[in-house]
Structures are given as C-alpha cells and as structure tokens.
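# Remarks on the overall topology
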Amino acid sequence: MTTTNSTDPGSGSGSDDITPKPVTEPQAEAMQDSADMLRARMVAALVERGQIVSPRVRAAFEKVPRERFAPEAPLAAVYAAHEVVITKRGPDGRATSSISAPWLQAQMIEAARLAPGASVLEIGSGGYNAALLAEVVGSEGLVVSVDIDPFVTGRAIRFLAETGYERVQVVLADAERIPAEYVPDGGFDALVVTVGCWDVPWGHLLAPGGRMVVPLRFSAVTRCFTFVRDGERWAGLDPTVCGFVSIQGEGAFADQTVTLAGGVSMTMEGGPDLDAAALDEALTGDGVTVWTGVTVGSGEPHDTLHLRLAAVDDRFGMIWATPDPGTGERTDLVHLATRWHCPVLITPACFAYLTVREHKNGWEFGARGHGPRGSELAHQLRDHVVDWDRCWRRRGLPDFVLHPVDALVPAAAEGRVWRKRHTQLEMSWQPADLTSS
C-alpha cells in the first residue's frame with residue numbers, strides 16, 4: 001500500500017465505493033488487449049532499469065493482471081512503472097490504502113529472495129502484491145497477507161478470488177499481533193511490509209535464515225531496508241528513500257507536523273512541541289540566507305547529507321510545499337533545495353532550511369532561516385553542510401543495525417541510535433581510515 005509521497009494531501013472525497021462500471025464484451029476485449037500490451041511494456045522497463053532481475057519475479061509481473069486489482073484507475077496509470085494507485089482516502093483526503101508503484105514492488109520482492117515453496121508474510125494488503133508473491137513462491141508456497149482495515153481485506157479477498165489466487169490467506173488483524181494460527185512451524189521465510197513503519201516487531205516470526213523487507217521511518221524520513229539476521233540483531237541493507245501509507249493500529253506513530261501559510265509543511269520526530277502560530281509568523285516574516293560554498297552537480301545524490309544532519313542535530317526534520325490545488329503552483333514563501341525530503345532545523349518558533357542557487361558547477365547549497373533565532377539556526381545549518389562536505393561526503397552510506405529494545409547498544413562514536421518500542425536502530429559510519437580510497 002505504498003505511496004510515492006507520504007504527505008500526499010489528496011483530493012478525493014474519502015468514499016469507499018470502488019465498484020467498477022459494467023462494460024460490454026467488445027469493450028472488455030479491447031481493454032484486455034491494451035492491458036496486456038501495457039503490462040509487457042512495464043515489465044520491459046523494470047527489467048531494463050534493473051528493478052526486475054530474477055526470472056521468477058519477471059514471470060510474476062508478466063502474468064498477474066494489475067488492472068484487475070485497480071478497476072477504478074485508468075490503464076495508463078495502472079501500468080506506469082513509477083505510479084501509485086490510490087484505492088482509499090480518509091475523511092481529510094489523505095491516502096489510507098493504495099497499490100504500490102511497480103518499481104518498488106519489484107525491488108522489494110527481489111530483496112526477499114523467495115524460492116519456490118517459501119512462506120511469506122505480507123503486512124499491508126490489497127491483493128496485487130500478494131498475487132505477485134504467490135506466483136513467485138508457487139502453488140507449494142504460503143502467502144499470508146494481513147491488514148487492519150476490513151475495506152482493504154474485503155477488496156483483497158474479492159480480487160484474489162477473481163484472478164485465481166484463492167490460496168493467499170488474507171487476515172483481518174492488527175499487524176502488531178499476528179494470530180499464531182497463521183504462522184508456520186519454524187517461522188516465515190520472508191516478511192514483506194507494504195506500509196510505512198516506525199518499528200519492526202516481527203523478527204520473532206521469521207525462520208533462522210529469514211529476511212525482512214521493511215519501510216522503516218526514522219528522523220522524519222522512510223527508507224526501505226532489507227534486514228538480514230546476524231545473531232540476535234539484524235543488519236539493515238540497501239536503504240532506499242521512499243514513501244508509504246503509514247501503518248495503523250497499535251504500531252502507529254505520528255511525527256510532529258505543522259502546516260503553515262502557502263501550503264508549507266514541516267515535520268520532525270519528537271522534540272519539543274512546535275508552535276504553529278509562531279512558525280507561521282516566522283515564515284511570513286523576513287528571512288536570512290547564508291551560503292555555504294558547497295556545490296553539487298545536477299542530479300548528483302547527496303543522501304548522506306540528510307543522514308549526517310539526522311545524526312548530529314536533534315532539531316532535524318523535513319519541509320515541503322504542497323502545490324496549490326487550483327493552479328498547481330508552489331508558493332514563493334520558500335525556495336527549497338528539493339521538492340520533497342528537504343532538510344530543515346526546527347525549534348518551537350524558528351526554523352532554517354536547505355536552499356540552493358545556480359552555480360557554474362551546478363548548484364550551491366545555502367541555509368535560509370526564519371524567526372527570532374532564524375539567523376543563528378541558518379549559520380548552524382551552514383556549518384553542518386560545510387562539515388559534511390569536508391569530512392563525510394566521500395565516505396559513503398553508514399551501516400545500519402537493528403537491535404532488540406533491551407540490548408545494550410553503546411552510543412555510536414560516528415552516528416546515532418534511535419530507540420523505538422521493540423527495537424533500536426543503530427546508524428554508524430566506519431572510521432575514516434577504513435573508508436578512504
């Protein structure tokens with residue numbers, strides 16, 4: 001149930017009616033021809049981009065009719081490799097259920113490394129992803145799909161039956177407490193989570209060699225990890241920034257989020273209570289920009305900057321501006337370095353965010369502060385960026401390890417530990433002499 005953007009405000013009415021309109025037989029034949037063609041193109045694109053690698057995963061994507069699980073969406077959207085299909089919205093218009101983008105589904109299923117006959121637990125249902133999993137593990141395998149929303153499980157049961165995947169066990173339950181009768185002897189071979197999580201309480205359900213593919217949120221950003229058991233802990237591999245509909249029920253966790261003038265929103269995990277009125281006043285007042293002298297080329301990744309900021313500053317969060325629903329334009333109150341996942345330092349009444357300006361080498365980072373201490377925050381953010389450029393930029397991604405909540409995890413010399421309800425997520429960089437080229 002992934003979305004490309006966990007802050008998508010949506011525009012729907014929240015209606016649960018997904019009954020497809022009846023079509024004539026000639027219309028159905030024409031639609032199927034078109035669907036088969038679009039499905040083949042989608043698979044070819046995913047293979048070309050390296051998001052589908054194994055023959056079994058490719059065969060699953062070639063066979064399962066994605067459009068049958070999204071009757072309310074246009075075929076072009078259903079089979080766009082980077083598109084999400086929203087299937088339910090809440091009263092506020094935000095997505096509460098969706099069918100994940102094909103590229104991310106492919107990467108996650110590949111990461112699970114499922115063999116024929118394997119057992120897999122899916123957290124977050126909907127039907128299509130479960131059907132893909134069922135194809136990969138085959139008729140001798142086991143797929144259990146759990147969701148807390150009866151609308152979602154009812155939809156999944158219906159569409160799986162209509163497409164020939166009745167063997168998938170769809171369970172209505174809070175994922176925090178998986179019913180024991182659905183757990184196979186010895187545990188599942190893999191766990192694939194299709195909702196955004198703040199914690200990972202499922203390690204005990206996995207077989208000794210099992211893998212968990214989990215979109216895990218920390219410091220206001222969700223990254224999809226493949227967790228592989230390493231004794232009593234789990235090594236977190238291949239973190240990929242993504243956005244998912246948040247998990248509901250007992251495992252839910254809400255970041256602090258404020259929405260200000262011009263559709264500008266900010267979010268952070270924990271910290272002191274934010275004063276929306278004061279932050280709004282700061283935003284609409286004068287700002288201060290300081291430039292760093294640090295440049296990046298167009299399209300050059302700089303994800304380690306986000307991670308470094310999260311490691312060294314508890315005020316770290318994200319800022320974005322939602323386009324005006326009428327015009328599609330974004331406000332000129334902020335000039336963000338990136339449209340989404342733009343770093344910001346936030347205090348109850350002040351903030352400073354990452355901005356950019358054109359430079360002969362691409363773009364130069366700057367820091368723009370607002371509020372009574374905006375200038376001070378901007379200079380601190382600038383110093384963080386300069387330090388990253390000097391000491392961390394070429395050191396690559398840090399290591400991630402998931403520990404039990406009661407484990408003794410020393411404070412990382414070069415990193416941070418996020419303590420959660422069931423686990424602790426450790427992020428650490430190797431010493432510089434081991435990572436230098």
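Our subject is the structure that appears above.
Here the residue numbers are simple positions, counted from 1 along each chain's written sequence. Local features in this predicted model are restricted to residues of pLDDT 70 or higher, and side-chain atom pairs are both shown and tallied only at a pLDDT of 80 or more, whereas totals for entire chains, interfaces and linings draw on every residue. To obtain the side-chain values, all non-hydrogen atoms of the structure were used and water was disregarded.

## Comments concerning the overall build of the protein
Worth spelling out the cut-off: Secondary structure elements follow DSSP: runs of H or I of four or more residues count as helices, runs of E of two or more count as strands, with numbering from the N terminus. Every radius of gyration here is taken over C-alpha atoms, with the globule rule written as 2.2 Å times N^0.38, N being the number of residues. Residue exposure (1.4 Å probe, protein chains only): buried if accessible area is under 20% of the type maximum, exposed if over 50%, otherwise partly exposed. The criterion used for residue contact is that any of the two residues' heavy atoms lie within 4.5 Å. Note that His is not counted, nor are the chain ends; the positive residues are Lys and Arg, and the negative ones are Asp and Glu. One atom stands in for each charge, and that atom is NZ of Lys, CZ of Arg, CG of Asp or CD of Glu.
Secondary structure assignment for the protein yields ten helices and 19 strands. Expected size for 437 residues packed as a compact globule is a radius of gyration near 22 Å; at 23 Å, the protein falls within 12% of this value. Within the protein, the proportion of its 437 residues that are buried is 52%. For the protein, the proportion of contacts with a sequence separation of at least 24, taken over those separated by at least 6, is 61%. Within the protein, the 56 negative side-chain charges are centred at a point lying 4 Å from the centre of the 39 positive side-chain charges.

## Comments concerning the sheet that holds strand β11 (residues 264-268)
In sheet architecture, strand pairing relies on hydrogen bonds along the backbone and comes in two forms, parallel and antiparallel. Filter applied, for reference: One requirement defines pairing of two strands: DSSP has to find at least two bridges between them. To obtain each axis, a line is fitted to C-alpha atoms, and for helices this fit is confined to the stretch in contact; angles are then taken between N-to-C directions over 0 to 180 degrees.
Pairing is antiparallel in the open sheet, where seven strands are placed in the order β10-β11-β13-β14-β15-β16-β12. Of all strands in the sheet, those with a lone pairing partner are β10 (256-259) and β12 (287-296), marking the two edges. Each strand of the sheet is rotated relative to its neighbour by a mean of 30 degrees, with strand direction disregarded. Bridging between strand β15 (residues 351-359) and strand β16 (residues 362-370) involves nine bridges; their strand directions are antiparallel.

## Some words on the packing of aromatic side chains
For any two aromatic rings, the description comes down to two numbers: the centre-to-centre distance and the angle of the planes. Note the cut-off: Stacked, tilted and edge-to-face are the three classes applied to pairs of Phe, Tyr and Trp rings, where Trp contributes its six-membered ring and a pair requires centres within 6.5 Å; stacked means planes under 30 degrees apart, edge-to-face means over 60, and tilted covers the rest.
As enumerated under the stated definition, the model contains eleven aromatic pairs in all. A ring pair is formed by phenylalanine 218 and phenylalanine 225, whose centres lie 6.3 Å apart and whose planes are at 40 degrees; its orientation type is tilted. Centroid distance phenylalanine 225 to phenylalanine 227: 5.2 Å. Interplanar angle 25 degrees. Geometry classified as stacked. Here the two residues phenylalanine 225 and phenylalanine 227 agree in accessibility, since each one is buried. Pairwise contacts between aromatic rings join Phe218, Phe225, Phe227, Phe400 and Trp418 into one cluster.

## Section: the side chain of glutamate 176
Inclusion rule: Under this definition, polar contacts are N or O atom pairs within 3.5 Å; protein pairs additionally need one hydrogen-donor-capable and one acceptor-capable atom, and for neighbouring residues in sequence, both atoms have to be side-chain atoms.
Here glutamate 176 shows up in the loop between β5 (169-172) and β6 (188-193). A distance of 2.6 Å separates the side chain of glutamate 176 from the side chain of histidine 422, its partner in a polar contact. Setting aside residues up to four positions removed in sequence, glutamate 176 forms contacts with Pro201, Glu250, Gly251 and His422.

## Focus on helix α4 (residues 102-112)
The element α4 is extensively covered by neighbouring structure, given that ten of its eleven residues are classed as buried. Residues of α4 that are buried include every one of Pro102, Trp103, Leu104, Gln105, Ala106, Met108, Ile109, Glu110, Ala111 and Ala112, and no others. Arginine 113 sits one or two positions beyond α4 and adopts a positive phi of about 50 degrees.

## Regarding the sheet that holds strand β9 (residues 233-242)
As summarised here, the arrangement of the ten strands in space is β5-β4-β3-β6-β7-β8-β9-β17-β19-β18, forming an open sheet in which the pairing is mixed. Two strands close off the open sheet at either side, each with one partner strand: β5 and β18 (415-419). Between one strand and the next, the sheet's axes are offset by a mean angle of 20 degrees, whatever the strand orientation. Across the sheet, α4 lies against β6, β7 (206-218), β8 (221-230) and β9, angled at about 150 degrees from β7, the strand it touches most. Against the sheet, helix α8 (residues 303-312) engages β7, β8, β9, β17 (399-404), β18 and β19 (423-428), with an angle of about 70 degrees to β18.

## Description of unusual backbone geometry
If you check the backbone angles, serine 219 has positive phi at about 50 degrees while not being a glycine. Along the polypeptide, serine 219 turns up in the loop between β7 and β8. The backbone of histidine 341 shows a phi angle near 55 degrees, a positive value even though the residue is not glycine. Of note, histidine 341 is situated in the loop between β13 (316-321) and β14 (342-346).

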